[in-house]
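# Analysis of the macromolecular model
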Amino acid sequence: MTDASTLKTLKQIEQRLLWLSAWIVHNANHLRDKEEGDVKVGGHQASCASMVSIMTALYFNVLRPEDRVAVKPHASPVFHAMQYFMGNQTQEKLENFRGLGGAQSYPSRTKDIDDVDFSTGSVGLGVAITAFASTIQDYLAAKSWAGDRPMGRMIALVGDAELDEGNVYECLQEGWKHDLRNTWWIIDYNRQSLDGVVHEGLWEKIEAIFTAFGWRTVVLRHGVLQRAAFEEPGGEILKTWIQSCPNDDYSALTYQGGAAWRERLMNDLGDQGDVSELLNRRSDEELAALMNNLGGQCLNTLTDAFAAVTDDQPTVFLAYTIKGWGTPLAGHKDNHSGLMTKAQMAEFQAGMGIAAGSEWDPLAAIEDHDDLRAFLAGVPFFAKGPRRFTASVLDSPGPIFLEDRVLSTQAGFGKILDAIAKSDSELSQRILTTSPDVTVSTNLGPWVNRRGLFARNAKADTFRDQRIPSAQKWQFSPDGQHIELGIAEMNLFLLLGAAGLSHSLFGERLIPIGTVYDPFVARGLDALNYACYQDARFIIAGTPSGVTLAPEGGAHQSIGAQLIGMSQDGLVSFEPAYLDELSIIMDWAFDYLQRDGEGDPDERTWLRDETGGSVYLRLTTRPLEQLGLRARDDDDFVRGVIDGAYWLREPGPNCEVVIAYQGCVATEAIEAAGRIGNDRRDIGVLAVTSADRLNSGWTAARRARAKGQSGATSQIERLMAGVPRDAILITATDGHPATLAWIGGVKGHPTAPLGVEHFGQTGTISDLYKHFMIDADAIVAAANHLSAGRQIGLR
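Residues numbered from 1 in each chain as written. Predicted model: local features only at pLDDT ≥ 70, side-chain atom pairs only at ≥ 80, totals over all residues. Heavy atoms only, no water.

Turning to the nonpolar core, a few remarks are in order. Counting residues in hydrophobic clusters, the biggest one holds 152 residues, and the most contacted among them are Leu-58, Tyr-59, Phe-60, Leu-157, Trp-185 and Met-291. Sorting elements by how many residues they give to this core places helix 1 (residues 4–31) first, with 12 residues. Discounting residues that sit within four places of it in the chain, Leu-157 has contacts with Met-51, Ile-54, Met-55, Leu-58, Val-69, Ala-70, Val-71, Lys-72, Glu-162 and Ile-186. Ile-420, Leu-579, Ala-589 and Ile-659 belong to the second-largest nonpolar core, a separate cluster that totals 75 residues. (Core = buried A, V, L, I, M, F, W, Y, C linked by side-chain atoms within 4.5 Å. Buried < 20%, exposed > 50% of the residue type's maximum accessible area, 1.4 Å probe, protein only. Helix = DSSP H or I, 4+ residues; strand = E, 2+ residues; numbered from the N terminus. Contact = heavy atoms within 4.5 Å.)

An order of 10-7-11-12-14-13 is seen for the six strands of this open sheet, with the pairing classed as parallel. Two strands close off the open sheet at either side, each with one partner strand: strand 10 (482–485) and strand 13 (571–574). For this sheet, the mean angle separating the axes of adjacent strands, direction not counted, is 20°. For strand 13 and strand 14 (residues 614–618), the ladder comprises four bridges, and the chain directions are parallel. Opposite Leu-571, over in strand 14, you have Ser-614 as the bridge partner. Contacts from helix 19 (residues 409–422) reach strand 7 (431–436), strand 11 (511–516), strand 12 (539–542) and strand 14, with the element oriented near 150° to strand 11. (Pairing = 2+ DSSP bridges. Axes fitted to C-alpha atoms, helices over the stretch in contact; angles between N-to-C directions.)

Ordered in space as 1-2-3-5-4, the five strands form an open sheet in which the pairing is parallel. With partners counted over all chains shown, the strands left at the sheet margins are strand 1 (68–70) and strand 4 (216–220), one partner each. Pairs of neighbouring strands in the sheet enclose a mean axial angle of 15°, with direction left out of account. Where strand 4 meets strand 5 (residues 315–320), five bridges bridge the pair, whose relative direction is parallel. If you follow Val-219 over to strand 5, its bridge partner there is Leu-318.

What follows deals with the packing of helix 6 (residues 125–141) against helix 7 (residues 166–177). Running from amino to carboxyl end, helix 6 crosses helix 7 at an angle of 10°, the nearest separation of the two axes being 9 Å. When the axis of helix 6 is compared with that of helix 7, the two are roughly parallel. Along its contact with helix 6, which presents Leu-125, Ala-128, Ala-131 and Phe-132, the element helix 7 presents Asn-167, Cys-171 and Glu-174. A class-by-class count of the residues in the contact of helix 6 with helix 7 yields five nonpolar, one polar and one charged. (Parallel < 35°, antiparallel > 145°, perpendicular 65-115°, else oblique. Nonpolar A, V, L, I, M, F, W, Y, C, P; charged D, E, K, R; others polar.)

Pro-544 follows Thr-543 through a cis peptide bond whose omega is 0°. Along the chain, Pro-544 turns up in the loop between strand 12 and helix 26 (561–567). For Asp-115, which is not a glycine, the phi torsion comes out positive at approximately 60°. Even without a glycine there, the phi angle at Asp-179 is positive, about 60°. Mapped onto the fold, Asp-179 is located in the loop between helix 7 and strand 3 (183–189). With relative accessibility at 37%, the residue Asp-179 sits in the partly exposed group.

Glancing now at the packing of aromatic side chains. Tallying each qualifying case throughout the model produces 24 aromatic pairs. Judged by centre distance (5.5 Å) and plane angle (20°), the ring pair of Trp-19 and Trp-23 falls under stacked. Of this pair, Trp-19 and Trp-23 are both found in helix 1, four residues apart, which corresponds to roughly one turn of the helix. For the pair formed by Trp-19 and Trp-23, the shared burial category is buried. Put simply, the rings of Trp-19, Trp-23, Tyr-84, Phe-348 and Trp-360 touch in pairs and so form one group of aromatic residues. Taking the ring centre of Tyr-139 as reference, the NZ or CZ of Lys-143 above it sits at 3.7 Å. The ring centre of Trp-184 lies 4.9 Å from the NZ or CZ of Arg-153, which sits over that ring. (Phe/Tyr/Trp six-rings, centres within 6.5 Å; stacked < 30°, edge-to-face > 60°. Lys NZ or Arg CZ within 6 Å of the ring centre and 35° of its normal.)

Below, the structure is given as structure tokens:
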């Protein structure tokens, strides 16, 4: 049990955090000039109050520096207040809470200064990533090359409404498969969501689900005052009443206060002697304190419960709390959007003993500053300062060129990884691959055969042991470098996000590589965005892609994935057509993942390549005849592949038609160029490897010119500069035509954008290319329609 002196100090800290978090929100609403239409942020004032006791007990009595915490979004004022209290956050940032450059509404690794472990905001994702971070911690602990660090607990502070998110349950199942450990989820069970009160009996369902997946469940329903009252004569009757009281009634009575509690209890229980005496021995204020003394609001209960868990079994704490606890908003069903009035805040301030003018004083209302400072100096979690690590950069072996005459980019991707797997380079040791049950069908099989699957406990390949022929060697061991996932794309991107933060969370560099069928990038898009928002670093290969996956039909044919790649911040997308392009891009990607610069733009491309980021490869199963591009021995070619485009056939001075393509329609573009060249002059063929980088560079250069840098010129502007203004541009891709259509706006060329806008269907590649008008005939027809001159011959 926690000693009385420590509990007294924790109570002081709890009250300071309650005040500071409420003041941060109040200041943001009432003391800052509000723009018309600005949204009030009162939801934080009530939501964060229910978390104050939990966070006090956790951070100031339980956590160690190796632990990592995902703080529920609406507890951000408590988190910022705590960091301010410990000297890790500034008053300026807090005065500007939710303002430009201020402390963020929800904890952010990339935008806050106060040692955030995991960004949160999109509910459910911050919960689940802790489980995958624990898996990555286990993965690193099993590797001989990893440093020896203490194992930490991966902890999520969870809003009860977050348990409505399906990804939480996908994560639970995946964790069970991988023998999850060292994970705590602490549920703020205040029984209120944004719009009302949660359904009755939810806690029983929560307990049953977690138990089924091997978690320890700890229900913290009653605080020490309630438990003591239950020992008094009549206490069992009171306990039965509390445990059967509907959530909405309990919330309403909490808001109404002690007199309402007394009236309701006396009406429901009647004059029953012992229980009536129990109630009568307490004033209205004492009765309200008793009824509000739930387990998640009681430091004694919380510290004892946390300290009692000494093993690594995953544990969920269901902590009963009161939304708005300790404030005038406590219990009201509308308190998510509520905000204390100035009068209420003044009364609250007086009750907290905070003198006017000392609102921002971290030690205001504290009697013995020296004793508290001495206690804070010894709090383990904060003792070593910020807990973010760095890791050394891994060298890439250079592009691994393949000699195949005909091959798809998906197959080439697998062969490049296989070549790396054969080596003993440091890079090869740090690559971790993963896939949601599509390992073999996305060409990761050769890598897995050489490097094995990861599991903390070895598991033999039964087929191999029994000498049953199989192309796959599915052997699990701690040395394995592939984590096989079930079919849940949210889990894929959450695992990539956790692995992509390993250098910062655990001080060890990983190169995570995931594969997924390209249309199902969209299925995991929220988690992909979440990973990128945290600045996680990984490679994701979306393959197969487009209607080129012809026999599979529309459900497996991606249309808008290219636009996702273009619009997703923190992610650079490529779609190479040829193996040489892919080899160059992958070599560049291994370096790009590890960059951590300041973000100054490259004045050649105007891209922020110094900052680094993640990489999305859109690949295909369509074999193409290779062109031997690397034989060009041309620096412009290599730079162009990375910068987003290069001239496969440079236009002449009298160019009448330019064909710009991206991806595996290269064959159709080249064929069409040959046919058009019989009747039109100086045809140009622009090979686009990354519409994303081309477009980003173009818009960045425009912004630079708007700021006075008149010479700012992007890659696409340089490429198109020599094309006559009256030439026509035909763009073609197996994806949405908007991917390339914008190129016509760079220099004002008339443009015919060819692509796919509607769901695909089964058929052959030639059938579907013809149907969607992305074949060579369609390109030739577009040239006939837009360009002057004699009719171009059709086949």
